[in-house]
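Each chain is listed here by its residues.
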Amino acid sequence: MRRAGPCVASAQHQLFRHLVLRSSGRPRPSAVAMATAAFPGPTAMEEALSRAVPPLPPYETREKVAAPAGAALEQRSAEFMRYYRALESGRPRAELLSRLARDFGVEHGRVAEVSGKVARLLQQQQQQQEAAGEKGEHEPGALLQAEDRLRHYLTPRYRGLFQHLGRQEGGLRFLVELRRDLLEALAAREAEGPHVREMNGVLKNMLSEWFSTGFLNLERVTWQSPCEILQKISDSEAVHPVRNWMDMKRRVGSYRRCYYFAHCAIPGEPLVVLHVALTDEISSSIQAIVKEIPPLEVEDLNKITTAIFYSISLTQQGLQGVELGTYLIKRVVKELQVEFPQIKAFSTLSPIPGFTKWFLGLLSSQSKETGRCDPFTDPEYQEISEITGDPAVEILKRLLANNEWVRSERLVRALQQPLMRLCAWYLYGEKHRGYALNPVANFHLQNGAVLWRLNWMADTSPRGITASCGMMVNYRYFLEDTMSNSAAYLGTKQIKASEQVLSLVTQFQQNSKL
């Protein structure tokens, strides 16, 4: 495609501004669409980026921004938000994000120049120390200033855009949406390369600062909460989908608590949601928690000795990696301790996403390599073969893939022991960079929880059977030990587990020929 000349591009930009900014207020969607269509392609994109991304100020004036320049940048940031939202989701936005990461990052020439100066000063200082002896005094001021200058020039230019956007009304919400698009583009490989991954990390760190606990408000959801909040909580439930309004009413009613974090700059918008069941024991079945409860039942304090965290959902995908869930659990524990001082046990009843997929992969690889299924003992394999017929492995894989295996009581009994020990190993022994492979396990273990109990047929819903062959797990929070457990896991990658789990892991190591 031929690129428009500078005069044409300038005229197109004026048309864009006229259409977008007329009527003093929010632009009409049709006007935005017309403006984007007026000059599609790289020219409009380059123009939008070059106007929106501020230059990195010289080191000497880094903290002195003139008011007119600041006002102009605010206007350009607002224009950029309108331009970005006018783009279609998918490739157009991915292309803009790729250009932003690649063309508006660090000025490498300036970094090379300043880093060279740092190296020379460091060498001079070492020579001065050697000449003066170990106890001789030296002046590090020049070196420290050069290092500070280097840090300044290591700042990518797009960080300035993100900072200005964050100051705009609605800008923080926009940045969360932008990072959501960025993550989707990375997952779909529409935006690739080290520059894009680096920009994702920069934006994640900035959001982590803006969404730190000091800016978050803890809110409790009840049936009297605004309908919009109840609807958003219902729509965002990612673990155990809400079936209808009566189901939602039960989840915020007697013996239940629902909390969420909201940001002071985005009021009324749940960011991460935690559902809690108040029980008299550590639950081993999700059906017992989400079953119908009389809406007018009055809570009996004598029946409330345990808090079960049975669902935690991030509602804003652009906040992935920002530590919201950890802080939410800690805040909710404190709230519950105030309301129910008699609660002694805090535990989750958690799904095990990915286990079935992992197990099917194990069956496929083992059957190809050995011609049989080594995850099972000989008696187990023989019993399964008698139930399914031959070839047992292929039939079992098909039954697991379509959930038909749960229709056979004999097969369910035959698979209980091997699947329990395999799942224990999956949670305890399968690692990614030394930490638990399963993301839910990794989350709770980082928080200092104990891998406490595996539960057979704890979630018999189609979703539960598909994800983890119906199994769920309790991660138990012993409040006096969470800090030491977290430090041990993060420091030495040691997983704290109960006797039940460790016994199943030992059985796996002894019986499975893997």
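Residues numbered from 1 in each chain as written. Predicted model: local features only at pLDDT ≥ 70, side-chain atom pairs only at ≥ 80, totals over all residues. Heavy atoms only, no water.

### Points about the pairing of strand β2 (residues 256-263)
Formally: Exposed residues in this analysis have more than 50% of their type's maximum accessible area, buried residues have under 20%, and partly exposed residues fall in between, with area computed by a 1.4 Å probe over protein chains only. The secondary structure listing takes helices from DSSP runs of H or I that are at least 4 residues long and strands from runs of E that are at least 2 residues long, numbered from the N terminus. For two strands to count as paired, DSSP must find a minimum of two bridges between them.
Within β2, 8 of the 8 residues are buried, which leaves it mostly tucked inside the rest of the structure. A two-sided burial pattern is seen for β2, the buried positions comprising R256, C258, Y260 and A262 on one face and R257, Y259, F261 and H263 on the other. For β2 and strand β3 (residues 272-279), the ladder comprises 6 bridges, and the chain directions are antiparallel. Note on β3: the bridge partner recorded for C258 is H275.

### Focus: the nonpolar core
A general trend in soluble globular proteins is that nonpolar side chains are found buried together. Stated formally: Residue types Ala, Val, Leu, Ile, Met, Phe, Trp, Tyr and Cys, when buried and joined through side-chain atoms within 4.5 Å, form a set referred to as a nonpolar core. Whether two residues touch is decided by their heavy atoms; if any such pair falls within 4.5 Å, the residues are in contact.
If you look at the biggest cluster of nonpolar residues, it comprises 107 residues, and the most contacted ones within it are F211, F355 and W405. With sequence-adjacent residues up to four places away left out, F211 is seen in contact with L172, V176, L216, H263, I266, L271, L319, V322 and L324. The next biggest cluster of nonpolar side chains, apart from the first, holds 11 residues, and it includes V221, I233, Y260 and V273.

### So, the side chain of S234
Looking at where S234 falls in the secondary structure, it is placed in helix α11 (residues 227-236). Since its relative accessible area comes to 17%, S234 is described here as buried. In this view, S234 contacts V242 and M248; residues no more than four positions away in its chain are not counted.

### Topic: the sheet that holds strand β5 (residues 345-348)
Put simply, the test is: Here an angle of 0 to 180 degrees is reported between the N-to-C directions of two axes, which are lines fitted to C-alpha atoms, with helices fitted over the stretch in contact.
Strand order across the open sheet formed by 7 strands is β1-β2-β3-β4-β5-β9-β8, with mixed pairing between neighbours. The open sheet is flanked by β1 (216-220) and β8 (450-455), the only strands paired with a single partner. Ignoring which end each strand starts from, the neighbouring axes of this sheet average 30° apart. Helix α14 (residues 325-339) rests against β1, β2, β3, β4 (306-314), β5 and β9 (472-477) of the sheet, and its axis sits at about 130° to β2. Docked against the sheet, helix α19 (residues 439-446) engages β4, β5, β8 and β9, running at close to 10° with respect to β9.

### A look at the packing of aromatic side chains
As a reminder, the rule being used: Working definition: a ring pair exists when centres of Phe, Tyr or Trp rings (six-membered ring for Trp) sit within 6.5 Å. Plane angles under 30 degrees give stacked, over 60 give edge-to-face, the rest tilted. Here, a charge over a ring means that NZ of Lys or CZ of Arg falls within 6 Å of the ring centre while also lying within 35 degrees of the ring normal.
A full pass over the atoms with the stated rule returns 15 aromatic pairs. Their ring planes at 10° and their centres at 4.8 Å tell us that W425 and F508 sit as a pair that is stacked. Separated by 83 residues along the polypeptide, W425 in helix α18 (residues 409-428) and F508 in helix α22 (residues 499-511) bring together distant segments of the chain. Here W425 falls in the buried class, since its relative accessible area comes to 18%. Counting every residue linked through ring pairs, the aromatic cluster contains F355, W358, F359, F376 and Y426. Sitting over the ring of W452, R476 keeps its end group 5.2 Å from the ring centre. Directly above the ring of Y435 sits K493, whose terminal nitrogen or CZ lies 5.1 Å from the centroid.

### Comments concerning the layout of surface pockets
Here is the rule we go by: Definitions used for this entry: grid spacing 1 Å over protein atoms alone; cavity, a set of points where a 1.4 Å probe fits but cannot get out; pocket, an open set with protein on both sides within 12 Å along at least 5 of 7 lines; lining residue, one with an atom within 4 Å of a point. Grid points are joined across faces, edges and corners, and a volume is the space filled by probe spheres set on the points. Polar here means any residue other than Ala, Val, Leu, Ile, Met, Phe, Trp, Tyr, Cys and Pro, which are nonpolar, and Asp, Glu, Lys and Arg, which are charged; Gly is therefore polar.
Empty space within the largest pocket amounts to approximately 1700 Å³. Within the lining of the largest pocket, the residues separate by chemical class into 25 nonpolar, 19 polar and 5 charged.

### Describing unusual backbone geometry
In this model, D390 is joined to P391 through a cis peptide bond whose omega is -5°. With respect to the helices and strands, P391 occurs in the loop between α16 (378-388) and α17 (392-401). Even without being a glycine, M457 presents a positive backbone phi close to 50°. Considering the arrangement of structural elements, one finds M457 in the loop between β8 and α20 (462-468).

### A short note on the confidence of the model for the chain
Using the following cut-off: Summary of the metric used: pLDDT quantifies the predictor's per-residue confidence within the range 0 to 100.
Across the chain, the average pLDDT comes to 86, with 86% of residues at or above 70. Below pLDDT 50 for its whole length, residues 1-40 participates in 39 contacts with residues either more than four positions away or in separate chains.

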